[in-house]
Amino acid sequence: MLTENEKQLIQHAWEKVQEHQEDFGAEALERLFSVYPNTKTYFPHFDLHHDSAQIRHHGKKVVNALGDAVRHIDNLSATLSELSNLHAYNLRVDPVNFKLLAHCFQVVLGAHLGSEYTPQVHLAYDKFLAAVTAVLTEKYR
């Protein structure tokens, strides 16, 4: 579980993310589609070209959901319950994709936060995104 110090690190770094939600979300999705092309199968109706309006819009939704998780870091299950239901029962997304997207988001954070993305921040986000992934895959069990 996250320590109080890790929660503070996550929330402090998130202040920087909030200023660039759409950009960071779109970049994370583009990285996901580039590095793991099989993930594109869940978006057959999207224009998957760089900087497309659909990727930017969905990227912003992803980062908004993560922002909700940051704000409710002590109650992730309730916060992400609807999103978990949607992806498990309606969209039927392979749960491994949450881990892949979390990794891509970590790369975006590292690229844009630079020296502020310390090993401690990286570890805190790794634990946080693992917890988010676990909650999102709860309904698959």
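Here's what I pulled together on the structure shown here. Keep in mind it's a predicted model, so treat the numbers as computed, not measured.

## Describing helix H4 (residues 76-90)
Move 1: For H4, with 15 residues, the first-to-last C-alpha span of 20 Å sits near the 21 Å given by 1.5 Å per residue.
Move 2: Approximately 45° is the largest bend angle found in H4, and it occurs at glutamate 82.
Move 3: Burial in H4 covers these residues: Leu76, Leu80, Ser84, His87 and Ala88.
Move 4: Residues of H4 that are buried make contact with helix H3 (53-71), helix H5 (96-113) and helix H6 (119-136).
Move 5: One or two steps after H4, the chain reaches arginine 92, where phi turns positive at roughly 55°.

## A word on the pattern of salt bridges
Move 1: Counted under the stated rule, the structure contains nine salt bridges.
Move 2: Here glutamate 4 ties to lysine 7 by a salt bridge, and the two come within 3.2 Å at their closest N and O atoms. Here glutamate 4 and its partner lysine 7 are both found in helix H1 (residues 4-18), three residues apart, which amounts to about one turn of the helix.
Move 3: One network of salt bridges, with partners in common, ties together Glu22, Asp23, Asp51 and Arg56.

## Observations concerning H6
Move 1: Taking 1.5 Å of rise per residue, the 18 residues of H6 would be expected to cover 26 Å, and the 25 Å separating its terminal C-alpha atoms lies within 8% of that figure.
Move 2: Those residues of H6 not exposed but buried are Val121, Ala124, Tyr125, Phe128, Leu129, Ala131, Val132, Thr133, Val135 and Leu136.
Move 3: Turning to H6, the residues buried within the fold contact H1, H3, H4 and H5.

## Here's the deal with the side chain of glutamate 30
Move 1: Within the secondary structure layout, glutamate 30 lies in helix H2 (residues 21-35).
Move 2: It is arginine 56 that comes nearest to the buried, bridge-free glutamate 30 among opposite-charge side chains, at 6.4 Å.
Move 3: Contacts of glutamate 30, omitting those with residues within four sequence positions, involve His49, His50, Asp51 and Ile55.

## Some details on the nonpolar core
Move 1: Ranked by size, the top nonpolar core spans 42 residues in total, and within it Ile10, Trp14, Phe105, Tyr125, Phe128 and Val132 carry the most contacts.
Move 2: For this core, the secondary-structure elements that each account for two or more residues are H1, H2, H3, H4, H5 and H6.

## Considerations on the side chain of histidine 58
Move 1: With respect to the helices, strands and loops of the structure, histidine 58 is situated in helix H3.
Move 2: Look at histidine 58 and you get buried, because its relative accessible area is 17%.
Move 3: Ignoring sequence-local partners within four residues, the contact set of histidine 58 consists of Leu29, Phe43 and Phe46.

## Focus on the packing of aromatic side chains
Move 1: One pass over the full model with this rule turns up four aromatic pairs.
Move 2: Ring geometry for tryptophan 14 versus phenylalanine 105: centroids 6.2 Å apart, planes at 40°, classification tilted. Taken together, the residues tryptophan 14 in helix H1 and phenylalanine 105 in helix H5 connect sequence positions 91 residues apart.
Move 3: Between phenylalanine 43 and phenylalanine 46, the ring centres sit 5.0 Å apart and the planes meet at 55°, which makes this aromatic pair tilted.
Move 4: The exposure class assigned to phenylalanine 43 is buried, which follows from its relative accessible area of 14%.
Move 5: The class for phenylalanine 46 is buried, based on a relative accessible area of 18%.
Move 6: Through pairs of rings, three or more aromatic residues link up here, namely Phe33, Phe43 and Phe46.

Reading guide: rules and limits
- Residues numbered from 1 in each chain as written.
- Predicted model: local features only at pLDDT ≥ 70, side-chain atom pairs only at ≥ 80, totals over all residues.
- Heavy atoms only, no water.
- Helix = DSSP H or I, 4+ residues; strand = E, 2+ residues; numbered from the N terminus.
- Expected span 1.5 Å × (residues − 1).
- Bend = angle between axes of the 7 residues up to and from the residue.
- Buried < 20%, exposed > 50% of the residue type's maximum accessible area, 1.4 Å probe, protein only.
- Contact = heavy atoms within 4.5 Å.
- Salt bridge = Lys/Arg side-chain N within 4 Å of Asp/Glu carboxyl O.
- Lys, Arg positive; Asp, Glu negative; His and termini not counted.
- Core = buried A, V, L, I, M, F, W, Y, C linked by side-chain atoms within 4.5 Å.
- Phe/Tyr/Trp six-rings, centres within 6.5 Å; stacked < 30°, edge-to-face > 60°.

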